Amino acid sequence: MFSGAQISLYPMTDDFVGVIISALGALDPYRDQLRIETDDISTLLVGPPEVLFPAMRDLFSATARTGKHCVLSATISRGCPGEPDDPICNSTQFDDTAAPLAERQAAALTAVQNAPHIGVFSVVQFSLYVLGQGNHMDEIYGCIDFLKHSGTFEKSKHFATKLSGDTGALFATIEQAFCRFGPPQGHVTIDLTVSANSPSAR
């Protein structure tokens, strides 16, 4: 299985370079467990979901703690048929992805309830795409039902779902959506935008 994310981080401040460079220190605990490649558009993080999502959470949270408006944009994918298997992506945490939908929903809710409290409030907009299977809408509706009971659900939008809350719970919710819905070895992607400290009125 190949799993990873192309991420771009946007601090809305004149000192955006300094903010990004300082926030990159949050990735240090994960560097031995991820493959990281950066160019002038984005940074690729490749690794198992249980490392990938906490790394993104901590990078974004470190940026948000500056108090500046910041946005993380990410395309997250697992099981892409165009990517070779990568040993760094091996995961033993999500070995029940072939379980009945109700069991996966229950496991996902437990994981969100047990997520660490980070102390950074954020909002999320994301879309889940379950690719290449005939019953993909069953999986998507099952995920939506999980989201509505997750404690992070804010509202449905055209083409997306909006979540809000502590970044610990938010990234746990996205991780569970990514890992527990869709076929275990199938191609699943998420289009994700995370924002904190926005000047727009809520």
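Here, every reference points to the structure presented above.
Given the structure is predicted, the values throughout are model-derived calculations rather than measurements.

Participant: Describe the pairing of strand S2 (residues 35-38), with residues and values.
Facilitator: Across four bridges, S2 lies against strand S3 (residues 43-46) in antiparallel orientation. Considered in S3, the bridge of Ile36 is made with Leu45. In this structure, the hairpin formed by S2 and S3 is closed by a connection of four residues.

Participant: Explain the environment of Arg31 residue by residue, including any values.
Facilitator: Mapped onto the secondary structure, Arg31 falls in the loop between helix H1 (16-23) and S2. For the pair Arg31 and Val51, spaced 20 residues apart in sequence, the C-alpha separation works out to 9.7 Å. Among the polar contacts listed, one links the side chain of Arg31 to the side chain of Asp28, at a separation of 3.0 Å.

Participant: Go over the nonpolar core, please, and point to the residues and values.
Facilitator: Counting residues in each nonpolar core, the largest one holds 48 residues, and the members touching the most others are Met56, Phe60, Ile76, Phe126 and Leu192. Those elements that provide at least two residues to this core are strand S1 (3-11), helix H2 (49-64), strand S4 (70-78), helix H3 (101-113), strand S5 (121-131), helix H4 (136-148), helix H5 (167-180) and strand S8 (187-196). Excluding anything up to four places from it in sequence, Ile76 contacts Gly4, Ala5, Leu52, Phe53, Met56, Phe178, Val188, Thr189, Ile190 and Leu192.

Participant: A description of the packing of H3 against H4 should follow, citing residues and the corresponding values.
Facilitator: Their axes nearest at 10 Å, the elements H3 and H4 cross at an angle of 35 degrees. Like other packed secondary-structure pairs, H3 and H4 cross with a definite hand, here right-handed. Taken together, the residues of H4 that come into contact with H3 (itself represented by Leu101, Arg104, Gln105, Ala108, Leu109 and Val112) are Asp138, Glu139, Gly142, Asp145 and Phe146. The residue makeup of the contact of H3 with H4, split by class, is five nonpolar, two polar and four charged.

Participant: An account of the packing of aromatic side chains is requested, with residue identities and associated values reported.
Facilitator: This model, assessed by the stated rule, comprises two aromatic pairs. Look at Phe53 and Phe178: their rings are 5.5 Å apart centre to centre, the planes differ by 55 degrees, and that puts the pair in the tilted class. Taken as a pair, Phe53 in helix H2 and Phe178 in helix H5 lie far apart in primary sequence, 125 residues in all. Residue Phe178 is classed as buried on the basis of its relative accessible area, which comes to 0%. Note on Phe146 and Phe181: the rings are 5.8 Å apart at their centroids and 25 degrees apart in plane angle, and the pair reads as stacked. Residue Phe146 is found in helix H4, and its partner Phe181 is found in the loop between H5 and S8; the two are separated by 35 residues along the sequence. A residue is classified by how much of its surface remains accessible, and Phe146, at 1% relative accessible area, is buried. Above the plane of the ring of Phe178 lies Arg78, whose end atom (NZ or CZ) is 5.8 Å from the centre.

Calculation criteria
Along every chain, residues carry numbers that run from 1 in the direction the sequence is written. Thresholds applied to this predicted model are a pLDDT of at least 70 for local features of residues and 80 or more for the giving and counting of side-chain atom pairs; totals over whole chains, interfaces and linings are not thresholded and use all residues. Each side-chain value is derived from all of the structure's non-hydrogen atoms; neither hydrogens nor water enter the calculation. By the convention used here, strands pair only if DSSP detects at least 2 bridges between them. Helix and strand definitions here come from DSSP, where helices need a minimum of 4 consecutive H or I residues and strands a minimum of 2 consecutive E residues; each element is numbered from the N-terminal end. We define a polar contact as two N or O atoms separated by no more than 3.5 Å, with the added condition that, inside protein, one atom must be a possible hydrogen donor and the other a possible acceptor, whereas residues neighbouring each other in sequence contribute only through side-chain atom pairs. Think of a nonpolar core as a cluster: buried Ala, Val, Leu, Ile, Met, Phe, Trp, Tyr and Cys residues, connected wherever their side-chain atoms sit within 4.5 Å. Partly exposed describes any residue whose relative accessible area lies between the buried limit of under 20% and the exposed limit of over 50%, with all areas from a 1.4 Å probe on protein chains only and scaled to the type maximum. Any two residues whose heavy atoms approach within 4.5 Å at even a single point are treated as in contact. Here the axes come from fitting lines to C-alpha atoms, over the contacting stretch only for helices, and the angles between their N-to-C directions go from 0 to 180 degrees. The crossing is said to be left-handed when, going from far helix to near helix, the turn is anticlockwise and less than a right angle, and right-handed when the turn is clockwise. When residues are grouped by polarity, Ala, Val, Leu, Ile, Met, Phe, Trp, Tyr, Cys and Pro land in nonpolar, Asp, Glu, Lys and Arg in charged, and all others, Gly among them, in polar. Any two of the Phe, Tyr and Trp rings considered here, Trp counted by its six-membered ring, make a pair once their centres fall within 6.5 Å; the pair's planes then place it as stacked at under 30 degrees, edge-to-face at over 60, or tilted in between. Consider the ring centre and the ring normal. A charge sits over the ring if Lys NZ or Arg CZ is within 6 Å of that centre and within 35 degrees of that normal.

By themselves, these figures tell us nothing about what the structure is for.
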